[in-house]
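# Coordinate inspection notes
Listed below, chain by chain, are the residues.
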Amino acid sequence: MRDTKESRLLLVLLIVVAFALITVDIRGGENSPVDGARHAAAAALGPVENGVAGAVNPVGNAISAVRDSDTRHNRITVLEQQNAQLKRELGSDDQNRAKAKELDKILRVAGAGQYGVKGAQVVGIGAAQGFSWTVTLDIGSRDGIKRDMTVLNGDGLVGRVTTVGPTTSTVLLANDPDFTVGTRLERTGELGFATGQGDRPISVQLLNAKAKVKAGDRMVTFGSSKDKPFVPGVPVGTVERVDPSAGGLTRTVYVKPFVGFTKLDVVGVVVQAPHQDPRDTVLPPKPQAKPTPTVTVTVSPSADAGQGQGEDQGTGQDDAAGEGQGTGQDTGQDAGDGGDAVPDPNANAGTADDNQE
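Residues numbered from 1 in each chain as written. Predicted model: local features only at pLDDT ≥ 70, side-chain atom pairs only at ≥ 80, totals over all residues. Heavy atoms only, no water.

### Some thoughts on the overall build of the protein
Convention followed: The numbering of helices and of strands both runs from the N terminus, where a helix is a DSSP run of H or I of at least 4 residues and a strand a run of E of at least 2. Every residue pair with non-hydrogen atoms within 4.5 Å of one another is taken to be in contact. Here the accessible surface of atoms and residues is derived via Shrake-Rupley with a 1.4 Å probe, and residues count as covered only by protein chains that are part of the display.
The helix and strand inventory of the protein stands at 4 helices and 12 strands. Within the protein, counting contacts between residues at least 6 apart in sequence, those at least 24 apart form 59% of the total. Split by element, the accessible area of the protein, about 24300 Å² in all, is 55% carbon and sulfur.

This is the structure we're talking about:
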């Protein structure tokens, strides 16, 4: 259509009619006069709209999928990150519970021995510091840690501090071959020196070659001068084997340490020594031996055997009674036949009455 005066007039007229119909429809509400025309148009044009939509929707959906693919990918990434975070939180909760349990054990040991301790966590091991059996702790001089302090955990002696930095410190473990500590036997009080042997039991040289020691005896630290590097009373381990050789100046025993050096996590550094030697009070209670149940089996005779035994007893009793009675009767008859029979007192009484008459 060309842009003429008539076309412009027609467009203005259509616009005016459209506004008029809209106004009438709004004012009419549910009783609008154009409602019937609307329903008729919907009935006529509805199938056409559905057909066009069915043909166009797959194309539209494909375009939307391409447009929204980045959004969906980002949403999946966010969900995966949230899932990983949740797993980390659950894992950290388990770790926190394990650490809390270990700290509780350390506090019980510290309370029993009256040690002042500062908690620390193992953050490194071994070879990086040039030692075979060492660990690195996450506390240092800024936390009051000094060289030659005793290190323990909830089970017993861990080692001693050898190097201190501002925020970290190095601990030489008790199973290192260069580690030596004075010990005292729980039962007898015998003194000795314990030396680490790596992953083997600790070797202890008792000063008394005739010391009475047996497997199962326990040891604690003897303590050092001014409580450095070792405070007294820290559990060391249990005697596992006694060297049978004799005749030397010392006696060797092999001790299984209380501490598992390959699974250290939370430890305590003793920053304040006890006022007096705790002796054996820090040692855990000895396990009670459980009684071994004894089963007694009693064999009872069968019913047939019991009945047969009863019949035998009854027959024996009858035979004995019969023989006894028969013997008594025979004896009585023999007495009556003989001349030495005992006189009847009733017979004498009858003779006396005849005399009186």
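### Looking at the pairing of strand β1 (residues 116–125)
The side chains of a regular strand alternate, residue by residue, between the two faces of the sheet. Rules: Here a strand pair is declared whenever DSSP counts at least two bridges between the two strands.
Two strands pair when backbone bridges link them, and β1 and strand β12 (residues 266–272) are joined in this way by 6 bridges, in the antiparallel orientation. Bridge pairing in β12 links valine 117 to valine 270. Bridge analysis of β1 against strand β2 (residues 134–137) gives 3 bridges, and the strand direction is antiparallel. Each residue of the ladder has a partner; that of isoleucine 125, found in β2, is valine 135.

### Notes on the pattern of salt bridges
Spelled out, the test is: Within this document, salt bridges are pairs made up of a side-chain nitrogen of Lys or Arg and a carboxyl oxygen of Asp or Glu, the two lying within 4 Å of each other. Residue burial is assigned from relative accessible area. The probe radius is 1.4 Å, only protein chains are included, and a residue is buried under 20% of its type maximum, exposed over 50%, and partly exposed in between.
A full pass over the atoms with the stated rule returns 7 salt bridges. Note that lysine 105 is salt-bridged to aspartate 155, the shortest N-O span being 3.0 Å. Placement of lysine 105 in helix α2 (residues 35–113) and of aspartate 155 in the loop between β3 (150–152) and β4 (157–164) is noted, with a sequence separation of 50 residues between them. Two residues, lysine 214 and aspartate 217, come together in a salt bridge whose shortest N-O distance is 3.5 Å. Looking at aspartate 217, the relative accessible area reads 2%, which means it is buried. One salt-bridge network, in which partners are shared between bridges, spans Arg187, Lys214 and Asp217.

### Digging into the packing of aromatic side chains
Condition: Centres within 6.5 Å are what make two rings of Phe, Tyr or Trp a pair, Trp counting through its six-membered ring; a difference in plane orientation under 30 degrees is then read as stacked, over 60 as edge-to-face, and the rest as tilted.
Following the criterion strictly, the structure yields 1 aromatic pair and no others. Between phenylalanine 179 and phenylalanine 230, the aromatic rings sit 5.3 Å apart at their centres with planes inclined by 70°, giving edge-to-face as the arrangement. Taken together, the residues phenylalanine 179 in the loop between β5 (169–173) and β6 (180–185) and phenylalanine 230 in the loop between β9 (218–221) and β10 (235–242) connect sequence positions 51 residues apart. For the pair phenylalanine 179 and phenylalanine 230, one class covers both residues: buried.

### Brief notes about unusual backbone geometry
Lysine 228 connects to proline 229 through a cis peptide bond whose omega is 10°. Relative to the helices and strands, proline 229 is located in the loop between β9 and β10. Not every positive phi belongs to a glycine, and aspartate 148 is a case in point at roughly 65°. Along the chain, aspartate 148 falls in the loop between β2 and β3. Taking relative accessible area as the criterion, aspartate 148 reaches 24% and is therefore assigned partly exposed. The phi dihedral of arginine 279 falls on the positive side, at around 55°, and the residue is not glycine. Tracing the backbone through its elements, the reader meets arginine 279 in the loop between β12 and α3 (303–337).

### Comments concerning the sheet that holds strand β11 (residues 251–257)
What counts here: Here the axes come from fitting lines to C-alpha atoms, over the contacting stretch only for helices, and the angles between their N-to-C directions go from 0 to 180 degrees.
Spatially, the 6 strands close up into a barrel ordered β6-β7-β8-β11-β10-β9, and their pairing is antiparallel. Going from strand to strand, the sheet's axes swing by 45° on average, the running direction of each strand aside. Across 3 bridges, the pairing between β9 and β10 is antiparallel. In the strand pairing of β10, arginine 218 is matched with threonine 238.

### What to know about the pairing of β11
Where strand β8 (residues 200–206) lies against β11, 5 bridges are found, and the strand directions are antiparallel. In the sheet register, valine 204 faces β11, and the bridge partner there is valine 253. Bridge count between β10 and β11: 5 bridges; the pairing is antiparallel. Bridge assignment links threonine 238 to a residue of β11, and that residue is lysine 256.

### Here we look at the environment of alanine 98
Along the polypeptide, alanine 98 turns up in helix α2. Remark: the alpha-carbon pair of alanine 98 and aspartate 265, spanning 167 residues in sequence, is separated by 9.5 Å.

### Considering the confidence of the model for the protein
Rules: pLDDT measures the predictor's confidence residue by residue and takes values from 0 up to 100.
Of all residues in the protein, 62% attain a pLDDT of 70 or more, and the chain-wide mean is 76. Mean pLDDT across the elements of the protein ranges from a minimum in helix α4 (residues 345–356), with 42, to a maximum in β3, with 97. Note that residues 313–357 has pLDDT below 50 and, in this model, 1 contact with residues that lie over four places away or in other chains.

### Structural notes on the nonpolar core
Formally: Definition of nonpolar core: a set of buried residues of the types Ala, Val, Leu, Ile, Met, Phe, Trp, Tyr and Cys, connected through side-chain atoms within 4.5 Å.
Core analysis: the largest hydrophobic core is formed by 45 residues, its most contacted members being Tyr115, Leu137 and Met219. Among the elements that take part in this core, β12 stands out by supplying 4 residues, more than any other. Setting aside residues up to four positions removed in sequence, leucine 137 forms contacts with Ala120, Gln121, Val122, Val123, Thr167, Thr168, Ser169, Val171, Val267 and Val269.

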